[in-house]
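Structural features, examined
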There are 4 protein chains.
Amino acid sequence: MLKIGIIGGTGYTGVELLRLLAAHPEAEVVAITSRSEEGIHVADMYPNLRDHYSNLTFTAPDTQKLAACDVVFFATPHGVAHSLAGELLEAGTKVIDLSADFRIKDIAEWEKWYGQPHGAPTLVKEAVYGLPEVNREQIKTARLIAVPGCYPTATQLGFLPLLEEGIADTSQLIADCKSGVSGAGRSAKIGSLFCESTENMMAYSVSGHRHLPEIKQGLELAAQQPINLTFVPHLTPMIRGIHATLYVKVKDHFTDLQKLFEQRFANEPFVDVLPAGSHPQTRSVKGANMCRIAVHRPQNSDLVVILSVIDNLVKGASGQAIQNMNILFGLDETLGLTHTALMP
Amino acid sequence: MLKIGIIGGTGYTGVELLRLLAAHPEAEVVAITSRSEEGIHVADMYPNLRDHYSNLTFTAPDTQKLAACDVVFFATPHGVAHSLAGELLEAGTKVIDLSADFRIKDIAEWEKWYGQPHGAPTLVKEAVYGLPEVNREQIKTARLIAVPGCYPTATQLGFLPLLEEGIADTSQLIADCKSGVSGAGRSAKIGSLFCESTENMMAYSVSGHRHLPEIKQGLELAAQQPINLTFVPHLTPMIRGIHATLYVKVKDHFTDLQKLFEQRFANEPFVDVLPAGSHPQTRSVKGANMCRIAVHRPQNSDLVVILSVIDNLVKGASGQAIQNMNILFGLDETLGLTHTALMP
Amino acid sequence: MLKIGIIGGTGYTGVELLRLLAAHPEAEVVAITSRSEEGIHVADMYPNLRDHYSNLTFTAPDTQKLAACDVVFFATPHGVAHSLAGELLEAGTKVIDLSADFRIKDIAEWEKWYGQPHGAPTLVKEAVYGLPEVNREQIKTARLIAVPGCYPTATQLGFLPLLEEGIADTSQLIADCKSGVSGAGRSAKIGSLFCESTENMMAYSVSGHRHLPEIKQGLELAAQQPINLTFVPHLTPMIRGIHATLYVKVKDHFTDLQKLFEQRFANEPFVDVLPAGSHPQTRSVKGANMCRIAVHRPQNSDLVVILSVIDNLVKGASGQAIQNMNILFGLDETLGLTHTALMP
Amino acid sequence: MLKIGIIGGTGYTGVELLRLLAAHPEAEVVAITSRSEEGIHVADMYPNLRDHYSNLTFTAPDTQKLAACDVVFFATPHGVAHSLAGELLEAGTKVIDLSADFRIKDIAEWEKWYGQPHGAPTLVKEAVYGLPEVNREQIKTARLIAVPGCYPTATQLGFLPLLEEGIADTSQLIADCKSGVSGAGRSAKIGSLFCESTENMMAYSVSGHRHLPEIKQGLELAAQQPINLTFVPHLTPMIRGIHATLYVKVKDHFTDLQKLFEQRFANEPFVDVLPAGSHPQTRSVKGANMCRIAVHRPQNSDLVVILSVIDNLVKGASGQAIQNMNILFGLDETLGLTHTALMP
């Protein structure tokens, strides 16, 4: 039974970790921290947890107690893991960071997009980017894992087969992505109010979103060459879900794209290539650790359209974090992650 | 491993049975019928099921095949179970009916509300009303179980402690109930369209709803006397959830109601009495087989307000059906039913 | 052309005043104040206003400029109008207050529910409660109008005919009310986030809500006797709308309630009694200054059920405020208020 | 006062025509037809219309009565206007068709996409495509107007300035469009149910949507050359609104795009170019006859991103139809169309 610590457990990725770990047969949450909610029972904030966490209370961070865990998840805003991860690693605790702190290898690039000095540049080199479909082997032996962002997960999984195969025209990739509102987190912002975001659709950060350099880094590694990417995120009036609509020109007209995608993900437990002609729905992965993908070539053009959906809080965050934990500790990769999506 | 058959599996209670049974360690769905969708793979209709039911296809009803199951669930419109249940029972198969066909003991009353002759009056007497919090012992030895309706489950669980204790003024009970749209099922009706039901709230069937006689029957059994009940259902713009707001005058001003409720449900795995002063949220049970209840006495009046929430598709239908199955077959009552609600 | 000032124009009742006044042929908004948004163009906050208010900017409150208006609307949190209304009235400006500051005649009661000393008790006596269906004559000659709250408007209009007629059993009135989320205003609160309030239904403030004393005061005036009222508000996942479901026992079994309601509101331009058997939908008044009411007597019982719906931001706030303005200045009461509700 | 007839008034574009015409000072609806709802009062179907149409009842189509109107709107499924429009035109009645029957000049193309023979090919040549921002002069003298579709309106207005200026790379235009559910109309389809479409996002018809040839025709006329267009529509969980996200490479790096767009639409009452850096929200046009556009050049790339939003039922259908009517009859183009969008 793994002993789990969670730092910053009051947000949506925190409660989602608790929901998923409640069903994990080899994990036990022994500590969850929050400075603002210290002393509050987790179920007072999230009553759905009453059934499984009768005795779990938010505490102030206690490094000694956390270091005694087998693994500590950071479900914190960016910057927080920088200062704490090192100490835990030295104590022999594995660290799985759901924030953006260790995702980008280029320190200057990180600092440009996140607007602050990087607090732990020496750890960045060691950190493994926790996309199992790409880095499964490295994850097995990692100490520090940077869990991919939600947009980056959906987008990279959709583009990967074409880039790895070398048939994508990398001079212009477009990712038109639609996200549910939970992607903005559980902070009291006007823009996330019900009355501001329901019955509404809008793009945001068109001039540049923080996930752009992360996606680009992953795609260039896959393509083994520089790429141009235009990434436009949109806010959609739903709680969960990311729908990535990806556009890319293919250089080879004759490749069987359906087969290419099916083969690429044939052994992946959490990537599901739908039959040709399908349109994946975000609700088909609501609450599930799954990415569903369909590939289209409208009017037999060379401009390929890939549709890729995930639940931003599961395969785009907490579920993927647990998938990494399973790999890291030699467990069955799917352990505790076989929830069926809620439909309707 | 129990062999399960499902009749009429295309509706929302059908897919919810499949979602829940996918996580049940002692159950295997071996047959699912639908005349309209014969030959269609279940996952073509509900892509969330791709991960667990790779080989399950809707078939036309085949009595012999169904009779070979340990238990058959009816997830059909009313009237269907009347004609098929008897044959299965004779073959030794247990029947758990999610429809209203065997809930009401008074045949004339059933015929009045459902507008058709009752097709199996002799089975009604034998049928056990599957509310485990009331009839657990009878369920254990039943052959035929009538799973309670969604409104009746939330309403009866909320009123029961006061009625059983004999302190309710039974001359006027009021149940003001709010339901999500999935209660109307998966049929193509104008009133259930997104554009007709979102951003809207309305009462319906104020002059009389089919769940009224079912609720009344249960409450009168608990109270051991006739009662007057006004039941007003409302349609609420959400998929799942019933919120019952119950009003009843108590005759004894000094009873500790909080304690009464806590004691009544102390040993119930699927009824959660919240701390005094709480307001249960329907989302706290979304996807979970749970009823959460709070009891209030505003301004210290004798008019008590009880708040009771369930997920209409789980504790109000398919989850409760599986809870009955567990009891019926001597399994742990909570087996396969410990999902944590999805929040957010 | 009336010169209009608005104090505190950044909230939902403020923008709704601007939306409605844009269509009013005899009104011109000359000043709108907000300390927090000083210098910001109103259309930068609410882009729907770009088409009608090309030159209107939030300013800091300037009493002299406001006093030069014919009428000033307060769309402020409670307490603000206390300190400013007096000065404007002395300058001869009419004041229409959308907050709760002057609604309750009993100063001690106000202070109990609002948790602060009343800042202008001498003005309370003079203030006219701006429910035109009750106080039209007094509104005509008022200087200071207290616009009713949203719940109080829907609830009072529904109960009035029975209370005025003297046939209601006043020992137990119940108002089970459901409100859209905009009733909580445009402030950045966790509970009003999209992810916290969509796909959810819950009661709140069951132990006592601030609108309770306001409703009670109005109902007792109508009944000319003390009443007992249980008021349970609920939060519903929609932007706009209040649905009041009212329960009251009638003492006279033979009154034609449909006729009673139709006659009571026969000359009211903004109260619509629906045909017998109707179920009013909140969306049928979305954006419109209208209250639609239906009266039911289920199973011919003496417990009457009244359904009353309004748009909380229009007939429950800004539209009713403008209706008061029209009466106050001798204009056609319906001027600028004849919008058709948006359906779908 | 114009006498108006509406054929097929039971759908969402029909009720929206009624809502908008209720506020039009020069229009009177004298006939509205529906075979299925003959004899039903319009307000029984749409209670929001109770306030303005106390005496309007659906009738069976009566050509003589319709021919006596000044103008007849077709709010019908495709194919219906083919058989009736000719007769009305001969009688001297103007026809404004909201369906797709006369939009596409190439008869074979129409027949390919709509899967049936064209019923009135001789009228197609005469029909004017009713996009006032392009064809205002021809509309003035037209007899028969084909009102553009919703996707085509948002998409063409967004692309036009670049195509007309000749600086777009026409070899690859991409329109990633998101629509509210009302675009699917008021028919009882499973896919349009609340429980199927809320909390969900999905693409559809990626292999080819009927609006593709209409958009292409308009863009090629503007560009004066062939173009390649990839058009991917998505279903979004909201009632109203289209958000078009358009991608196009520009050949000239130095054009001031913001200025280009502002100048192109400087005199257009219903196209609003937002300040540089803006992200238009669909709710900012909810209920309003307005298209709001923003133009972006992310990371100073040559791939331009244009954001264009409309209310599909207003500027995308019924509002634009009335705008055409105003032009056709020499009225002020904005008459009856100055509603402010509902926010929140």
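Residues numbered from 1 in each chain as written. Chains lettered and ligands numbered in written order. Predicted model: local features only at pLDDT ≥ 70, side-chain atom pairs only at ≥ 80, totals over all residues. Heavy atoms only, no water.

Where an unreviewed UniProt entry is consulted, chain A appears under the name N-acetyl-gamma-glutamyl-phosphate reductase, with the organism given as Entomomonas asaccharolytica. The record held by UniProt for chain A lists under Sequence similarities (unreviewed entry) the comment "Belongs to the NAGSA dehydrogenase family. Type 1 subfamily." The record in UniProt for chain A states the following under Subcellular location (unreviewed entry): "Cytoplasm". (UniProt positions renumbered as here; feature names shortened; annotations may be inferred.)

A few words now on the relation of the copies chain A and chain D. Note on the copies: chain A fits chain D at an RMSD of 0.0 Å, the axial shift is 0.0 Å, and the rotation between them is 180 degrees. The symmetry that links the two subunits is that of a two-fold axis. Ranked by how close their C-alpha atoms come to the rotation axis, the residues of chain A are headed by Pro237(A), at 3.2 Å. Comparing contact sets, 100% of the residues at the interface of chain A also lie at the interface in chain D, consistent with an isologous, same-surface contact. (Least-squares fit on C-alpha atoms with pLDDT ≥ 70 in both. Contact = heavy atoms within 4.5 Å.)

Attention now moves to the UniProt feature "active site" (unreviewed entry) in chain A. When the UniProt feature table is mapped onto this chain numbering, "active site" (unreviewed entry) sits at Cys150(A). Tracing the chain through its elements places Cys150(A) in helix 8 (residues 150-165). (Helix = DSSP H or I, 4+ residues; strand = E, 2+ residues; numbered from the N terminus.)

Attention now goes to the sheet that holds strand 12 (residues 271-273) of chain B. All names here are of chain B. Pairing is mixed in the open sheet, where seven strands are placed in the order 9-10-8-11-14-13-12. Across the chains shown, the open sheet's two edge strands, defined by having one partner strand only, are strand 9 (202-203) and strand 12. Note: strand 8 (residues 173-179) against strand 10 (residues 229-235), seven bridges, orientation parallel. In the strand pairing of strand 10, Lys-178 is matched with His-234. The strands touched by helix 8 (residues 150-165) are strand 8, strand 10, strand 11 (242-249), strand 12, strand 13 (291-296) and strand 14 (303-310); relative to strand 11, the strand with the most contacts, the crossing angle is about 30 degrees. Sheet contacts for helix 10 (residues 211-223): strand 8 and strand 10; angle to strand 10, the most-contacted strand, approximately 135 degrees. (Pairing = 2+ DSSP bridges. Axes fitted to C-alpha atoms, helices over the stretch in contact; angles between N-to-C directions.)

Below, the discussion takes up the interface of chain A and chain D. Residue-level contacts link 43 residues of chain A with 43 residues of chain D. Carbon and sulfur atoms supply 58% of the area that chain A and chain D bury against each other, a total of about 3600 Å² over both sides. The largest per-residue losses of area from chain A upon contact with chain D belong to Glu199(A), Met201(A) and Val206(A), which jointly make up 17% of the total buried on that side. Linking chain A to chain D there are four salt bridges. Here Lys178(D) ties to Asp176(A) by a salt bridge, and the two come within 3.0 Å at their closest N and O atoms. Looking at the side of chain A that touches chain D, the elements that each hand over two or more residues are strand 8 (173-179), helix 9 (194-197), strand 9 (202-203), strand 10 (229-235), strand 11 (242-249) and strand 14 (303-310) of chain A. Here the element with the most residues in the side of chain A that touches chain D is strand 11 of chain A; it accounts for four residues. Here the side of chain A that touches chain D is built from residues that sort into 20 nonpolar, 15 polar and eight charged. (Buried area = accessible area lost by both parts, 1.4 Å probe. Salt bridge = Lys/Arg side-chain N within 4 Å of Asp/Glu carboxyl O. Nonpolar A, V, L, I, M, F, W, Y, C, P; charged D, E, K, R; others polar.)

What follows concerns the packing of helix 8 (residues 150-165) of chain C against helix 12 (residues 314-328) of chain C. All names here are of chain C. At their nearest, the axes of helix 8 and helix 12 sit 8 Å apart, and the two run at 100 degrees to each other. Considering their axes alone, helix 8 and helix 12 lie roughly perpendicular with respect to each other. Of the residues in helix 12, those touching helix 8 at Cys-150, Thr-153 and Leu-157 are Lys-315, Gly-316 and Gln-320. (Parallel < 35°, antiparallel > 145°, perpendicular 65-115°, else oblique.)

With that settled, consider the interface of chain D and chain C. Listed by partner, the interface residues are 34 residues for chain D and 34 residues for chain C. Both faces considered, chain D and chain C share a buried interface measuring about 2700 Å² in area, 60% of it formed by carbon and sulfur atoms. When the buried surface of chain D facing chain C is broken down by residue, Thr340(D), Leu342(D) and Pro344(D) rank first, second and third, together holding 24% of it. Between chain D and chain C we count four salt bridges in total. For the salt bridge of Arg292(D) with Asp51(C), the shortest nitrogen-to-oxygen distance reads 3.0 Å. Our count for the chain D to chain C interface comes out at 14 residue pairs in polar contact (both at pLDDT 80 or more). Within the residue set of the side of chain D that touches chain C, elements represented by two or more residues are helix 1 (12-21) and strand 11 (271-273) of chain D. At four residues, the largest contribution of residues to the side of chain D that touches chain C is made by helix 1 of chain D. Classifying every residue of the side of chain D that touches chain C gives 17 nonpolar, eight polar and nine charged. (Polar contact = N/O pair within 3.5 Å; in protein donor to acceptor, adjacent residues only side chain to side chain.)

With that settled, consider the pattern of salt bridges. Here the structure, examined in full by the defined rule, presents 71 salt bridges over all chains. Of the charged contacts, one joins Asp311(D) and Arg240(D) as a salt bridge, the two residues approaching to 2.9 Å between their closest N and O atoms. Here Arg240(D) lies in the loop between strand 9 (229-235) and strand 10 (242-249) and Asp311(D) lies in the loop between strand 13 (303-310) and helix 12 (314-328), a separation of 71 residues in the sequence. Each member of the salt-bridge network shares a partner with another, and the members are Glu16(A), Arg19(A), Arg240(A) and Asp311(A).

The next point concerns unusual backbone geometry. Backbone torsion omega between Met343(B) and Pro344(B) reads 0 degrees, so that peptide bond is classified as cis. Inspection of the secondary structure assignment puts Pro344(B) in the segment after helix 12 (314-328). At Glu199(B), a position not held by glycine, the phi torsion is positive, near 50 degrees. Among the structural elements, Glu199(B) can be located in the loop between helix 9 (194-197) and strand 9. Residue Glu199(B) is classed as buried on the basis of its relative accessible area of 5%. Positive phi outside glycine occurs at Gln299(D), with the angle close to 50 degrees. Within the element layout of this structure, Gln299(D) appears in the loop between strand 12 (291-296) and strand 13. With a relative accessible area of 45%, Gln299(D) lands in the partly exposed category. (Buried < 20%, exposed > 50% of the residue type's maximum accessible area, 1.4 Å probe, protein only.)

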